[in-house]
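Working through the structure, step by step
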Amino acid sequence: RKEVEQDPGPFNVPEGATVAFNCTYSNSASQSFFWYRQDCRKEPKLLMSVYSSGNEDGRFTAQLNRASQYISLLIRDSKLSDSATYLCVVNEASGNTGKLIFGQGTTLQVKP
Amino acid sequence: DAGITQSPRHKVTETGTPVTLRCHQTENHRYMYWYRQDPGHGLRLIHYSYGVKDTDKGEVSDGYSVSRSKTEDFLLTLESATSSQTSVYFCAISDPGGSTDTQYFGPGTRLTVL
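Residues numbered from 1 in each chain as written. Chains lettered and ligands numbered in written order. Predicted model: local features only at pLDDT ≥ 70, side-chain atom pairs only at ≥ 80, totals over all residues. Heavy atoms only, no water.

1. Let's talk about the sheet that holds strand β1 (residues 4-7) of chain B
All names here are of chain B.
- With antiparallel pairing, the four strands of this open sheet are ordered in space as β1-β3-β8-β7. Each end of this open sheet is capped by a strand with a single partner; those strands are β1 and β7 (64-70). Ignoring which end each strand starts from, the neighbouring axes of this sheet average 20° apart.
- In terms of strand pairing, strand β3 (residues 19-25) meets strand β8 (residues 73-78) through six bridges, oriented antiparallel. Residue pairing across strands places Thr 20 opposite Thr 77, the latter belonging to β8. (Pairing = 2+ DSSP bridges. Helix = DSSP H or I, 4+ residues; strand = E, 2+ residues; numbered from the N terminus. Axes fitted to C-alpha atoms, helices over the stretch in contact; angles between N-to-C directions.)

2. A closer look at the sheet that holds strand β1 (residues 4-6) of chain A
Residue and element names in this part refer to chain A.
- Overall, antiparallel pairing links the five strands, which are arranged β1-β3-β8-β7-β6 in an open sheet. Edge positions in the sheet fall to β1 and β6 (55-57), since each of these pairs with one other strand and no more. Strand after strand, the sheet turns through a mean of 20° between neighbouring axes, direction not considered.
- For strand β7 (residues 60-65) and strand β8 (residues 70-75), the ladder comprises six bridges, and the chain directions are antiparallel. Across the sheet, the residue bridging to Thr 61 is Leu 74, located in β8.

3. Here's the deal with the pattern of salt bridges
- All told, the structure shown has nine salt bridges over all chains when counted by the stated rule.
- Arg 76 of chain A is the partner of Glu 56 of chain A in a salt bridge, and the nearest nitrogen-oxygen pair spans 3.6 Å. Taken as a pair, Glu 56 of chain A in strand β6 and Arg 76 of chain A in the loop between β8 and β9 (84-91) lie far apart in primary sequence, 20 residues in all.
- Glu 56 of chain A sits in the exposed class, given a relative accessible area of 58%.
- Arg 76 of chain A sits in the partly exposed class, given a relative accessible area of 28%.
- Taken together, the shared-partner salt bridges connect Arg 22, Lys 70 and Asp 73 of chain B into one network. (Salt bridge = Lys/Arg side-chain N within 4 Å of Asp/Glu carboxyl O. Buried < 20%, exposed > 50% of the residue type's maximum accessible area, 1.4 Å probe, protein only.)

4. Quick look at the side chain of Gln 37 of chain B
- Take Gln 37 of chain B: it is sitting in strand β4 (residues 31-38).
- Under the relative-accessibility criterion, Gln 37 of chain B is labelled buried at 19%.
- Side-chain polar atoms of Gln 37 of chain B contact the side chain of Gln 38 of chain A, separated by 2.8 Å.
- Apart from the residues lying within four places of it in its own chain, the contact partners of Gln 37 of chain B are Gln 38 of chain A together with Gly 42, Leu 43, Ser 87, Val 88 and Phe 90 of chain B. (Polar contact = N/O pair within 3.5 Å; in protein donor to acceptor, adjacent residues only side chain to side chain. Contact = heavy atoms within 4.5 Å.)

5. Some remarks on the packing of aromatic side chains
- Under the counting rule described, the total for this entry stands at 16 aromatic pairs over all chains.
- On the basis of an interplanar angle of 85° and a centroid distance of 5.2 Å, the ring pair of Phe 11 of chain A and Phe 21 of chain A is categorised as edge-to-face. With a gap of 10 residues between them, Phe 11 of chain A in strand β2 (residues 11-14) and Phe 21 of chain A in strand β3 (residues 19-25) connect regions that are remote in the sequence.
- Judged by relative accessible area, Phe 21 of chain A falls into the buried class, the value being 1%.
- One aromatic cluster in this structure is built from Phe 34, Tyr 36 and Phe 102 of chain A together with Tyr 31, Tyr 33, Tyr 35, Tyr 48, Tyr 50, Phe 90 and Phe 105 of chain B. (Phe/Tyr/Trp six-rings, centres within 6.5 Å; stacked < 30°, edge-to-face > 60°.)

6. Notes on the pairing of strand β4 (residues 33-38) of chain A
All names here are of chain A.
- Across the six residues of β4, six count as buried, placing the element largely inside the fold.
- Of the two faces of β4, the one lined by Phe 33, Trp 35 and Arg 37 and the one lined by Phe 34, Tyr 36 and Gln 38 are each fully buried.
- Across five bridges, the pairing between β4 and strand β5 (residues 45-50) is antiparallel. Across the sheet, Phe 33 pairs through a bridge with Val 50, a residue of β5.
- A loop of six residues connects β4 with β5, the two strands running antiparallel in sequence, and Arg 41 in this loop sits at a positive phi of about 65°.

7. What to know about the nonpolar core
- Core analysis: the biggest nonpolar cluster contains 24 residues, and Phe 21, Trp 35, Ile 71, Leu 73, Ile 75, Tyr 86 and Leu 108 of chain A have the highest contact counts within it.
- Other than its neighbours up to four places away in sequence, Ile 75 of chain A contacts Ala 17, Thr 18, Val 19, Phe 21, Arg 59, Phe 60, Asp 82, Tyr 86 and Leu 108 of chain A.
- In terms of nonpolar packing, the next biggest core, distinct from the first, is built from 19 residues, Cys 23, Met 32, Phe 74 and Leu 111 of chain B among them. (Core = buried A, V, L, I, M, F, W, Y, C linked by side-chain atoms within 4.5 Å.)

8. Description of the interface of chain B and chain A
- Contacts between the two partners involve 23 residues from chain B, matched on the other side by 21 residues from chain A.
- Summing both partners gives a buried area of about 1,700 Å² for chain B against chain A, and 52% of it is carried by carbon and sulfur.
- Run the count over chain B and chain A and you get zero salt bridges.
- Viewed at the interface, chain A and chain B are joined by three residue pairs in polar contact (both at pLDDT 80 or more).
- When the residues that make up the side of chain B that touches chain A are grouped by side-chain class, the tally is 11 nonpolar, eight polar and four charged. (Buried area = accessible area lost by both parts, 1.4 Å probe. Nonpolar A, V, L, I, M, F, W, Y, C, P; charged D, E, K, R; others polar.)

See below:
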């Protein structure tokens, strides 16, 4: 079983749609969770951190369910510019190395 | 954007030749990481450094070595490149326990080994 699993997609949605991505992680001791965005042939960039209470940043909402060990990302009112790959990221729980475990990513394509 | 640069940005080389990739940061972050990204595998950690001259192996370290003689520079060396090392290489920085535990990435190096 992979440490961080995501549905690779692609998710093809029309502009204005709401789309949700889920991710599961295997290490129950992980403490930090993130969503990164990666555009084609570019580096990953931090989209948002994910907190236990859930957090929102504009059209983006992230949720964490520790009991089920899954993380979600909801995008409302999709824009063409949201087309990218979204990486679910979890810290490696052992030690304070800052090491992260990356999912393979979920590809989103927003169509006009 | 975090001050991270990578050089070269693109390189084509032949099997058996040595290759060194450089990562340079201006953020004074303690931790630096080298990843490779391949289709179907996502980002995988090769080596990381937690200070000058302090390095450790990651998930896919075989065939790679690293060095960090200054806070700002982290070098990745392929002693004898193989075709399986054709990949996109990303450097990242963070400061866990300090200013930020999130990782910020450089623009990447596309390496092709023929």
